[in-house]
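# An overview of the molecular structure
The chain contents come next:
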Amino acid sequence: MAGDGSATVLVVDDNPDNLMVLGELLQAEYRVLAATSGQRALEIAGNRPRPDLILLDVMMPGMDGYAVLASLRQDERTRDIPVIFITAMNATRDEEHGLEQGAVDYITKPIRPAIVLARVRTQLELKRARDRLANQNAFLEEEVARRMAENQTIQDVSIHALGCLAEMRDPETGDHIRRTQGYVKALASQLQHHPRFTTVLSDQFIRLLTKSAPLHDIGKVGIPDHILQKPGELTAAEWAIMQTHARLGAAAIEHAERDAAKPVAFLALAREIAHWHHEKWNGRGYPDGLAGDAIPVSARLMALADVFDALISQRVYKAALSFDQARAVIVEGRGAHFDPDVVDAFLAGFDEFTAIAERYRDDEATAAEQG
C-alpha cells in the first residue's frame, strides 16, 4: 500500500480485511505500511523509514497491542512514535487503560472513516509540531554549545596570553606556566577525596583552578627589568621589590573583577593564587605571613607546584636539580614550607609530575638527569 503523502502510517491488525479497509482509507494521503502481527510491527517500526504514526489493534493473538506499545516505548528508535489504538472494546476502562499505557488516542470499531482521518491528521500535525520544536531546540542547544566553546577558547587563550606576558619578561621561565598548570591540576585531583579537601576540591573548582593557574605571576609585569632580568642573585633591597609582585598581581586581577559586569569565579581563584602562592605553612612566607589553613587551598597547591618547577629548572645563577633531588627538597619542606597533606599528594603523584615536566621540557633549561 503506498500513497504520495509525506507522512508514513503503520497499520497493525491480524485481520487482513481490516488492514485493507484502513489502507484504502489512508493511502490517498499517506504512505501506508502494514503488519499482521505485533512482532512484525516492531520490525517495521525499527527500520527506516520510521512510521510517523501507528494505528495498532489491541486484540491480536500472541503479542497484543499493549505488549507491542510497551516494546515500542522501550526502544530508543521507536519510543516517540505516536500510537492510536483501534479496538472493538468500547468500555471506558479499556480506553483509559490504553491511554495510561501511552497511546495518544483510541478509536473503536467499527471504524468511521471521517473520524479515523480526522484523528490521524490531528496526531500527525501534533507530531510535526513536536518534531519542529525538537529540531529548533536541538539547533539552539548546538548553537549555545558552539558559542560557549568559542567563548571558552577565547577566555583560555587570553588567560594564557596574560600569563605569557609576565613570563616573557623573565625569559628563563620557558614553559613554566604550562608545567605549573599541570602540577596544580594533578595535586588537586590527588586531594579531591581527602577529608580535609573534599568540600573544596569539586570538579568545578579544579577546572577553575587549572584555568586560573597561569596568572599566578602576572604581577611580574610591574617589576623593573633590572631586577626581573638580573643575571644573578638579588640583593636584599632588590628581593624586597621582587616580592611586591604578589600584591601587584592580586591588585591587577582585583581591578579586572571590579570591571566585570558580574562575578567571575576563576578570577577570584586567580587573585588568591597571585596574592598568596608565596606564603608558607609555618607563616614565614610573603606578602602577609599567613600560616596553615589561613592560606587558601588554591595558593597552597600553587606554592608546591611553583617551587618544584623552580628546583628542576636551570637558571643563570643555579643548576637544575634532578627530579629526585627536587623531591627531597619538597619532602624537607613538609610542615614548614608546605601543607603536609599537599606534600603527601605530591609524593603519591610524583610520576605524573615528572611526566608533566618532561612533556613541557624547556629547550635550554631542562630538568637534570633523573637520579
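The structure displayed is predicted, hence computed values, not measured ones.

## Points about the pattern of salt bridges
Two side chains that carry opposite charge are able to pair once their charged atoms sit near each other. The full count for this structure, using the stated rule, is 22 salt bridges. Among the salt bridges present, the one from R77 reaches D75, with a minimum N-O distance of 2.7 Å. R77 sits in the partly exposed class, given a relative accessible area of 45%. In this structure, a network of salt bridges that share partners links the residues R196, D293, R300, D339 and D341.

## Notes on the nonpolar core
A general tendency of soluble globular proteins is for nonpolar side chains to be buried together. Membership of the largest hydrophobic core comes to 42 residues, with the highest contact counts inside it found for L304 and F308. The set of elements that each furnish at least two residues to this core consists of α6 (176-191), α7 (203-212), α11 (265-276), α12 (297-311), α13 (323-332), α14 (340-348) and α15 (350-359). Not counting residues within four places of it along the chain, the set of residues in contact with F308 comprises Y183, F323, A326, I330, F346, F350 and F353. Formed by 21 residues, the second largest nonpolar core is a distinct cluster that contains I54, L56, V58 and V68.

## Quick notes on the pairing of strand β3 (residues 53-57)
The buried count for β3 comes to 5 of 5 residues, which makes it a mostly enclosed element. Burial of β3 is two-sided: the residues L53, L55 and D57 facing one way and the residues I54 and L56 facing the other way are all buried. Looking at chain direction, β3 and strand β4 (residues 83-87) are connected through 4 bridges and run parallel. Bridging across to β4, D57 finds its partner in I86. Remark: the β3/helix α3 (residues 65-74)/β4 crossover connection has right-handed handedness.

## Concerning the sheet that holds β4
If you walk across this open sheet you meet the 5 strands as β2-β1-β3-β4-β5, and the pairing is parallel. This sheet does not close on itself; its edge strands, each paired only once, are β2 (31-35) and β5 (105-108). Strand-to-strand, the axes of this sheet are offset by a mean angle of 20 degrees, without reference to chain direction. Of the strand pairs in this sheet, β4 and β5 are connected by 4 bridges, and their pairing is parallel. When the bridges of β5 are listed, T87 appears paired with T108. The strands touched by helix α2 (residues 38-46) within the sheet are β1 (8-12), β2 and β3, with β2 carrying the most contacts at an inclination of about 145 degrees. Across the sheet, α3 is in contact with β3, β4 and β5; its angle to β4 comes to roughly 170 degrees.

## Describing the packing of aromatic side chains
Considering all chains together, one arrives at 11 aromatic pairs under this definition. For the pair W239 and Y286, a centre-to-centre distance of 6.0 Å together with 85 degrees between the ring planes defines the contact as edge-to-face. In this pair, W239 is assigned in helix α9 (residues 236-243) and Y286 in the loop between α11 and α12, connecting sequence segments 47 residues apart. When the centroid spacing of 5.6 Å and the interplanar angle of 85 degrees are considered together, the rings of F346 and F350 count as edge-to-face. When sorted by exposure, F346 lands in the same class as F350, which is buried. Across the ring face of F266, the terminal group of K211 is positioned such that the distance to the ring centre comes to 5.8 Å.

Definitions and limits used
- Residues numbered from 1 in each chain as written.
- Predicted model: local features only at pLDDT ≥ 70, side-chain atom pairs only at ≥ 80, totals over all residues.
- Heavy atoms only, no water.
- Salt bridge = Lys/Arg side-chain N within 4 Å of Asp/Glu carboxyl O.
- Buried < 20%, exposed > 50% of the residue type's maximum accessible area, 1.4 Å probe, protein only.
- Core = buried A, V, L, I, M, F, W, Y, C linked by side-chain atoms within 4.5 Å.
- Helix = DSSP H or I, 4+ residues; strand = E, 2+ residues; numbered from the N terminus.
- Contact = heavy atoms within 4.5 Å.
- Pairing = 2+ DSSP bridges.
- Right-handed = clockwise from strand over helix to strand, strands pointing away.
- Axes fitted to C-alpha atoms, helices over the stretch in contact; angles between N-to-C directions.
- Phe/Tyr/Trp six-rings, centres within 6.5 Å; stacked < 30°, edge-to-face > 60°.
- Lys NZ or Arg CZ within 6 Å of the ring centre and 35° of its normal.

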